[in-house]
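A structural walkthrough
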Amino acid sequence: MIMDERDETIERAAEALSALAPLKGGAVARVLLAVRAARARRAPVWLRVSWWMQDTSVSARAAGLMVAASLAVGFVLRGAVASDENIRLARTGGGIVALQPVANAPAEPQAVPVSMVFDLANARSVAVVGDFNGWDPSAAPMKRIGGTGPWSATVVARPGRHTYAFLVDGTMLVADPLAPRAGNPDFGGDASVMMVRTP
Amino acid sequence: MGGSRGNLTQYPVAHRVSVSEFDSSLPIRAKHGDEQAFIRIVEFYYPRCMRFARNMLGSEQDAEEAVQDAFVRVYDSFPRFREDARFDPWLFRILANRCRSLLARNERRRAVIEYGDVPHGAADSEAGADWAEEVRVVLESLPAEQREAFLLRHVEDMSYEDIAAMTGAGLSALRMRVKRACDALRARLTEVSRDHG
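Now for a quick tour of the structure. (Residues numbered from 1 in each chain as written. Chains lettered and ligands numbered in written order. Predicted model: local features only at pLDDT ≥ 70, side-chain atom pairs only at ≥ 80, totals over all residues. Heavy atoms only, no water.)

**Considerations on the nonpolar core**
As a reminder of what qualifies: Take the buried Ala, Val, Leu, Ile, Met, Phe, Trp, Tyr and Cys residues and link them wherever side-chain atoms come within 4.5 Å; each set so joined is a nonpolar core. Only protein chains enter the calculation, and the probe is 1.4 Å; a residue is then buried if its accessible area is under 20% of its type maximum, exposed if over 50%, and partly exposed in between. Numbering of helices and strands starts at the N terminus; helices are DSSP runs of H or I of at least 4 residues and strands are runs of E of at least 2. Those domain boundaries reflect an automatic or database domain assignment. Contacts are residue-level and defined by heavy atoms, with any inter-residue pair within 4.5 Å sufficient.
Of all hydrophobic cores here, the largest spans 70 residues; its most connected members are B:Phe52, B:Phe71, B:Phe78, B:Phe87, B:Leu95 and B:Phe150. Of the residues forming this core, the biggest block, 13 residues, is contributed by helix H2 (residues 35-57) of chain B. Inspection of this core shows a minimum of three residues originating in each of domain 1 (23-114) and domain 2 (121-197) of chain B. In contact with B:Phe71, other than residues within four places in its own chain, are A:Val31, A:Val35, B:Phe38, B:Ile41, B:Val42, B:Tyr45, B:Tyr46, B:Cys49 and B:Leu91. Listed in part, the 23 residues of the second largest apolar core include A:Val114, A:Val128, A:Met194 and A:Val196.

Okay, here's the thing in C-alpha cells:
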C-alpha cells in the first residue's frame, strides 16, 4: 500500500501552487465569445433560421422579415427543383434575407463595408464583435473620431442578417442602442441585429 | 448602423455578477439550455481552471487557451453530461485532456529547439531565488502524468476515486504517480531549504 503522506514540505509546495490569480478583466467574456463563435460556426442552416425567427424583439420589422424568410424558403425550394441557381436572396421592403448557399454554390455574395459608430465617453477601449468577424475581440477595434469623439470602425460583412455587439474595455458586451435587439440574448450579454443589403 | 449614446448601467451584463458559492443545480440547468447558468459556471470555475492549467502548462497564455477550449467543449458536451454525476471531475477531465493536447503540441515545438537551451527558470534556480519558483521548476521537470496527479490530489484536493474516474488510471498507479511527484519535490525542496538556511 502506497501511503499518501502530506508532510510540511508537500503542504508548503501545494500552498505555493494554490494561489488563485485574480480574474483578469475580460477573461470570462473571452470564454463566452469563444463559445458563441464556436456555436455560430457549427450551427446548421435551419438552426440559424430558427435563431433569426426567435428575434421577436424587433416586432413589426421582424414580422416582415419572417414573411420574407418564408418567401425565400419557398423560393429556394422551388428554385432547387426548377433551376441550378444556388444562391437565393429574397428582397422585401424590410430588407434582404440571405440564405446559405447550397452544395455546388457559386461564390458567396461579396462582403461590403459597414460603418459603425458608438458613443460612450468613459470607455477606455471599444471593439465591434459579431458573427461577421467570429466574435473576435481583436478583429475590429474602434477608434475615437478626432481623438475624443464617438467610437468608430468599419467592418466588412456579407449581405444578410448579422448579430453583433460592442465590447467595452474588453469586459462588457453592450448592445447597439439604435439597432434592434437580438431576441435571443446569447452569451455574455445582449446583442443587436443588422441587415446588410446587397451593394 | 450605430448608436448615439451607450450607457453601461443601461445594459447590465450577466457575466459581471460575482458568484460566491456554487449552486449544484447550475450544470443541470446549463444542460437544458439555460445560458445564464452556463455563464455562472464559467465565472465560478474560471480561476480554478486557470490555476490547474497554469500549473500544468507553466504558461499563462497556454493556460488561457486550454481553459477557453475546455469551456467550449464543456458547452458542446453538456447534452452528454449525466445529471446524477458530479460536475467537478467532469469539467477537470475535459480540462486535463486539453492540457495534455497542448503539452503534446508544445513537446513537438520543443523538439525543434536546439538541444542544450537553458530551461525556463533555471537561472533563478541556480541563484537560489524564490522558493515558490523552485516548486514550479520541480513541477515542470516531472512527467506530465505525475504533475497532473499531484496537482489534482494536493492542489485541487480531489479524491483518488475522482481522479481515477477522470483520468482512467487505476488507483494504485495514481498513488504511485503522486508519491513520485512528492518524492521529487521533497528531494529538491529539502535541498533548497538547507541551502538557504
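So much for the structure itself; the text now carries on.
**Examining the side chain of A:Ser192**
Residues and elements named next belong to chain A. Convention followed: For the purposes of these results, a polar contact is taken to be a pair of N or O atoms within 3.5 Å, where, inside protein, one atom must be able to donate a hydrogen and its partner to accept one; residues adjacent in sequence count only when each atom of the pair is a side-chain atom.
Summarising the element assignment, Ser192 is placed in strand E9 (residues 192-196). A polar contact of 2.7 Å, which involves the side chain of Ser192, links it to the backbone nitrogen of Asp176. Not counting the four nearest positions on each side in its chain, Ser192 is found in contact with His162, Thr163, Tyr164, Ala175, Asp176, Ala179, Pro180, Arg181 and Ala182.

**What about the sheet that holds strand E3 (residues 112-118) of chain A?**
Where we set the bar: Paired strands, in this sense, are two strands between which DSSP finds at least two bridges.
The strand order across the open sheet formed by three strands is E3-E6-E5 (chain A), and the pairing between neighbours is antiparallel. Of all strands in the sheet, those with a lone pairing partner are E3 and strand E5 (143-144) of chain A, marking the two edges.

**Quick notes on the pattern of salt bridges**
Residues and elements named next belong to chain B. Let me state the cut-off plainly: Salt bridges, as used here, are contacts in which a Lys or Arg side-chain nitrogen is within 4 Å of a carboxyl oxygen on Asp or Glu.
Taken as a whole and assessed by the stated rule, the structure comprises 19 salt bridges over all chains. Among the ionic pairs, Glu156 bridges to Arg48, the shortest N-O distance being 3.1 Å. Taken together, the residues span a long stretch of sequence, with Glu156 in the loop between helix H7 (144-155) and helix H8 (160-167) and Arg48 in helix H2 at a distance of 108 residues. Arg48 carries the same exposure label as Glu156, and that label is buried.

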